[in-house]
Structures are given as C-alpha cells and as structure tokens.
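One letter stands for each residue in the lines below.
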Amino acid sequence: MKRVAILISGSGSNMVSLAQSMTGDHPARPVLVLSNVPEAGGLARAQALGIDTTVVDHRPYKGDRAAFEAALIQRLDAAQPDILCLAGFMRILTPGFINHYAGRMLNIHPSLLPKYKGLDTHARALAAGDGEAGCSVHEVTAELDGGPILGQARVPALPDDTAETLAARVLPFEHRLYPAVLDRFARGDRTPVTLP
Ligand code: GRF
C-alpha cells in the first residue's frame, strides 16, 4: 500500500477528492495532510476524514527557503510517504526539496500545460481569447509547472466567462483528474489520463 502525503495551503478541495478516492482496492492511502498556512480550511476537512495533519508555517522562516524546506522534509519523512501530492500548495519549492522527492511528487495546475505556467491562469487564458481551458496533473521537477504531464482535462472557455466562472467550471474536473492520475501513478503506470 502506497503512503500518500498531501500538501495544501487553502480550502483543500483537491485534497478531499484525493483522500476520498483512496479506498477499497485503490493502491494508496493518505497518511498526512500538511499545510504551510495554520488557518487553512483544508486542515479541518482532513481531520474530519480522520487523516493526520500538521502545519509548517513558512512565515517564521522569513524567506529562508532552505530552513523552511528542512522543516517540511523532517515533518513529512516522519510519515514515511511514498508519494507527495501538492494540492493547492502555494509555495515555490527549491531543487533541493524536489530532488529529495524526485520521481514521486505530483502537482495539479489549473491550466492546459505547457500553457500558462505560474499564477492567474484562467484570467490569462481568457485574455488570450482561448476557446478552451482546463487543468493538468504533472510530475514536479525543478522547472516550475514544467514536469512530465500525467493527465489533463479540457473544458470550454466561454466569451462571457470571468476568471471565477471559468475556475468554477474547471474545479470539478480537477477533482476527477487528480484521483485518476494518482491511481495510475501509485500502480507505476505513467500513461497520461485525458478527461473527458
Ligand atoms: C485549485 O484551483 C488548484 O488548481 C490550485 O489551487 C486551487 C485551490 O485548490 N492548485 P484546493 O481547493 O485548495 O484544492
């Protein structure tokens, strides 16, 4: 059984969908939810699901990324994770951290990568007049939002969309895509998932 740690910074809706997918004959189980934000709503949701939670607040480290990441690694490795899932985790990770979990760390990004790496993805897709948008799950490498793509979901972007209405259309697909990718990844299958 693969042990999965999920990293969050906010509401944790992707964490909830991942956690709820890991049942029955699914080859993985959630063992820890870690947040860098003490008041993240996802912490209470994880506790309600019976998952251990922990907080490593980045603020006391005042930009000392190496010290913050050393604390992350110490806390994470205490749970002995086989796989890390970043799910709305909003901190940039250095190559040192990424190398420590090389080949076993996933992230979900709200765009059709390689388009729109970074922030404000939906607003940028709309500003470009794209007719479609979506989300991607990728393996995390040192290049921000740049690792091998393990799954994508496409949704229409409509002329009267705002970033908020488009985000609301994409989010349910995130909640289906990430669990589908994790299930394959935990079985050692890197065949990309395409939705719908
Ligand atoms: C989602 O849009 C996800 O794509 C991005 O963070 C947002 C919030 O996710 N990574 P969650 O509700 O905290 O899972």
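Before any of the text, the structure's been laid out above.
Residues numbered from 1 in each chain as written. Predicted model: local features only at pLDDT ≥ 70, side-chain atom pairs only at ≥ 80, totals over all residues. Heavy atoms only, no water.

1. Quick word on the sheet that holds strand E8 (residues 193-195)
- The strand order E3-E2-E1-E4-E5-E6-E7-E8 describes an open sheet built from 8 strands, whose pairing is mixed. Every other strand in the sheet has two partners, leaving strand E3 (53-55) and E8 as the edge strands with one partner each. Within this sheet the neighbouring strands show an average axis-to-axis angle of 20 degrees, counted without direction.
- Pairing between strand E5 (residues 105-109) and strand E6 (residues 132-139): 4 bridges, direction antiparallel. Bridge assignment links Leu106 to a residue of E6, and that residue is Glu139.
- On the sheet, helix H1 (residues 13-21) packs against strand E1 (2-8), strand E2 (28-35), strand E4 (83-86) and E5 and is oriented at approximately 165 degrees with respect to E1.
- Across the face of the sheet, helix H6 (residues 163-186) comes into contact with E1, E2, E4, E5, E6, strand E7 (149-156) and E8 while running at roughly 155 degrees to E7. (Pairing = 2+ DSSP bridges. Helix = DSSP H or I, 4+ residues; strand = E, 2+ residues; numbered from the N terminus. Axes fitted to C-alpha atoms, helices over the stretch in contact; angles between N-to-C directions. Contact = heavy atoms within 4.5 Å.)

2. Thoughts on the packing of H1 against helix H2 (residues 41-48)
- Where H1 meets H2, the axes come as close as 9 Å, and the angle between the chain directions of the two elements is 15 degrees. It follows from the interaxial angle that H1 and H2 lie roughly parallel. Where H1 crosses over H2, the handedness of that crossing is right-handed. Counting all contacts with H1, which are made through Ser13, Met15 and Val16, the residues of H2 involved are Gly42, Arg45 and Ala46.
- Here the residues of the contact of H1 with H2 sort into 3 nonpolar, 2 polar and 1 charged. (Parallel < 35°, antiparallel > 145°, perpendicular 65-115°, else oblique. Left-handed = near helix turned anticlockwise from the far one by under 90°. Nonpolar A, V, L, I, M, F, W, Y, C, P; charged D, E, K, R; others polar.)

3. Considering the packing of H1 against H6
- Between H1 and H6, the least distance of the axes is 9 Å, while the angle of their chain directions is 40 degrees. For the element pair H1 / H6, the angle class is oblique. H6 is crossed by H1, and the crossing has right-handed handedness. Here Ser13, Asn14, Ser17, Leu18 and Ser21 of H1 come into contact with H6, specifically with Leu171, Glu174, His175, Tyr178, Pro179 and Leu182.
- In terms of residue class, the contact of H1 with H6 is built from 5 nonpolar, 5 polar and 1 charged.

4. Some thoughts on the pairing of E6
- Most of E6 sits inside the fold, with 7 of its 8 residues counted as buried.
- Bridge count for E6 against E7 is 7 bridges, and the pairing is antiparallel. Residue pairing in the sheet places Gly134 in a bridge with Arg154 of E7. (Buried < 20%, exposed > 50% of the residue type's maximum accessible area, 1.4 Å probe, protein only.)

5. Digging into the packing of aromatic side chains
- This model, assessed by the stated rule, comprises 2 aromatic pairs.
- Ring geometry for Tyr61 versus Phe68: centroids 5.8 Å apart, planes at 55 degrees, classification tilted.
- Judged by relative accessible area, Tyr61 falls into the partly exposed class, the value being 27%.
- Here Phe97 and Tyr101 contribute two aromatic rings whose centre-to-centre distance is 5.1 Å and whose plane-to-plane angle is 55 degrees, an arrangement assigned as tilted. As far as burial versus exposure is concerned, Phe97 and Tyr101 are alike and both buried. (Phe/Tyr/Trp six-rings, centres within 6.5 Å; stacked < 30°, edge-to-face > 60°.)

6. What about the site of the ligand?
- The ligand sits among Ser11, Gly12, Ser13, Asn14, Gly88, Ile108, Pro110 and Glu174.
- Within the side chain of Ser11, a nitrogen or oxygen atom sits 2.7 Å from an oxygen atom of the ligand.
- Here Ser13 contributes a side-chain N or O atom positioned 2.6 Å from an oxygen atom of the ligand.
- When the residues that make up the shell around the ligand are grouped by side-chain class, the tally is 2 nonpolar, 5 polar and 1 charged. (Near = heavy atom within 4 Å. Polar contact = N/O pair within 3.5 Å; in protein donor to acceptor, adjacent residues only side chain to side chain.)

Function cannot be inferred from these measures alone, as they are strictly geometric.
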